[in-house]
Amino acid sequence: MLKVWIVGSSGQIGTAINEVLDPMEIEVFDTDKNELDITQTDEVLHFGDINRPNVIINCAAITDTALCEKNPELAYRVNALGARNLSIVASKVGAKIVQLSTDDVFDGIANHPYSEFDDTNPQTVYGRSKRAGENYVKEFTHKHFIIRSSWVYGNGDNFVNRVLKAAEKRELFAVPVGEIGAPTSAKDLARIILHLIETNEYGTYHVTCKGSCSRYELAKEVLKLAGKTLQLTEASSVALEQPAVRPAYAVLDNFILRIIDVYDMPHWKDSLKEYIEERMVRG
Ligand SMILES: NC(=O)c1ccc[n+]([C@@H]2O[C@H](COP(=O)([O-])OP(=O)(O)OC[C@H]3O[C@@H](n4cnc5c(N)ncnc54)[C@H](OP(=O)(O)O)[C@@H]3O)[C@@H](O)[C@H]2O)c1
């Protein structure tokens, strides 16, 4: 039975992996900050030594981009050195490692979807610390899957849930203008992660749902699927007082997935429909 350590298990993607995996096939070790802080090198090494996972999935990160700008030391400690610590464990116990990463490693000024072979050029502390995490993983392990995604939504604070919350409260909702991305459900990411860890197709992957849209189009689709109305306005990130400007063009090309032809991601509208329907059933 495969032993999988899910690090950052209470976050959006960690939760989705737990929902999707088959406990009859996988023995799971779930840890989050309360059980094990990934910045504590000796504790991380000790946990790995005792439990000897076959796969480590690192979903732990400081994902609040504003917090990263305010506290770069924290961002680098968790997003870079935390990933380093887990890579050292992976290499020591011979485990595969999955490192979640982000479109924020790019500058967001391209006019074509970024492929895995485009040069990174992060513009924010979050993006720079995530790139440093990727580099540590590459430096310390070779059995790695670096998975960059974008605009992820699942069980947590994200754009889709913020739109739904505002609709319930009948608030006016300001949508950042000029941002284009590929909304990707945490559940779809979980499914492909569980597929990839069974393979030896190591390397860096762009993994997003198919298609792309603006924040405004995404908000409209969320409202349509949920059968709700909400007054939307568009505002610049300066007007929205966002301290960390996100890449304007956040579309990733799933180039490697396409050329190795092992997995097909759904269209973002189909994934969103599944998510909203499940949310409505849960109430
Ligand atoms: N969300 C997106 O749109 C998106 C897009 C692309 C890539 N990603 C990447 O995907 C990964 C997971 O994202 P997510 O959306 O699931 O993030 P999330 O919901 O913010 O979850 C991150 C988890 O990491 C935990 N954590 C923070 N510091 C830690 C530490 N020192 N030790 C152990 N755990 C710690 C957090 O705990 P607390 O909540 O208690 O702090 C939280 O449970 C991240 O690497 C992120 O960069 C996300």
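The structure under discussion appears in the preceding block.
Bear in mind the structure is a predicted one, so any value in this text is a computation, not a measurement. Residue indices follow the written sequence of each chain, beginning from 1 at its first position. It should be noted that, the model being predicted, local features are given only for residues of pLDDT at least 70 and side-chain atom pairs only at 80 or more, the latter also being counted only at that level, while totals for whole chains, interfaces and linings use all residues. Here the side-chain values reflect all heavy atoms present in the structure, with hydrogen atoms and water set aside.

So, on to helix H2 (residues 41-51). Relative accessibility under 20% of the residue-type maximum defines a buried residue, over 50% an exposed one, and the middle range a partly exposed one, all with a 1.4 Å probe and only protein chains included. The numbering of helices and of strands both runs from the N terminus, where a helix is a DSSP run of H or I of at least 4 residues and a strand a run of E of at least 2. Burial in H2 covers these residues: Val44, Gly48 and Asn51. Angularly, the buried residues of H2 cover 85 degrees about the axis, an arc narrow enough to put them on a single face. Within H2, the exposed residues directed more than 90 degrees away from the buried face are Asp42 and Ile50. Only heavy atoms matter for contacts: two residues are in contact if any of them lie within 4.5 Å across the pair. Against strand S1 (2-7), strand S2 (26-31) and helix H4 (72-93) lie the buried residues of H2. Throughout, the arc means that of the directions going from the helix axis to the C-beta atoms.

We now examine the nonpolar core. Counting 52 residues, the largest nonpolar core has Ile13, Ile17, Ile57, Ile147, Val160, Ile193 and Leu218 as the members making the most contacts within it. Residue contributions to this core peak at seven residues, all from helix H7 (residues 186-196). When residues no more than four places from it in sequence are discounted, the contact partners of isoleucine 147 are Val98, Gln99, Leu100, Ser101, Leu189, Ile193, Leu196, Tyr205 and Val207. Residue types Ala, Val, Leu, Ile, Met, Phe, Trp, Tyr and Cys, when buried and joined through side-chain atoms within 4.5 Å, form a set referred to as a nonpolar core. With 23 residues, the next largest nonpolar core counts Leu36, Val44, Ile56 and Ala75 among its residues.

What follows concerns the pairing of S1. Criterion used throughout: strands pair if DSSP finds at least two bridges between them. Across six bridges, the pairing between S1 and S2 is parallel. Among the inter-strand pairings, lysine 3 is bridged to a residue of S2, identified as glutamate 27. Relative to strand S3 (residues 55-58), S1 is paired through four bridges, and the arrangement is parallel. Residue pairing in the sheet places valine 7 in a bridge with asparagine 58 of S3.

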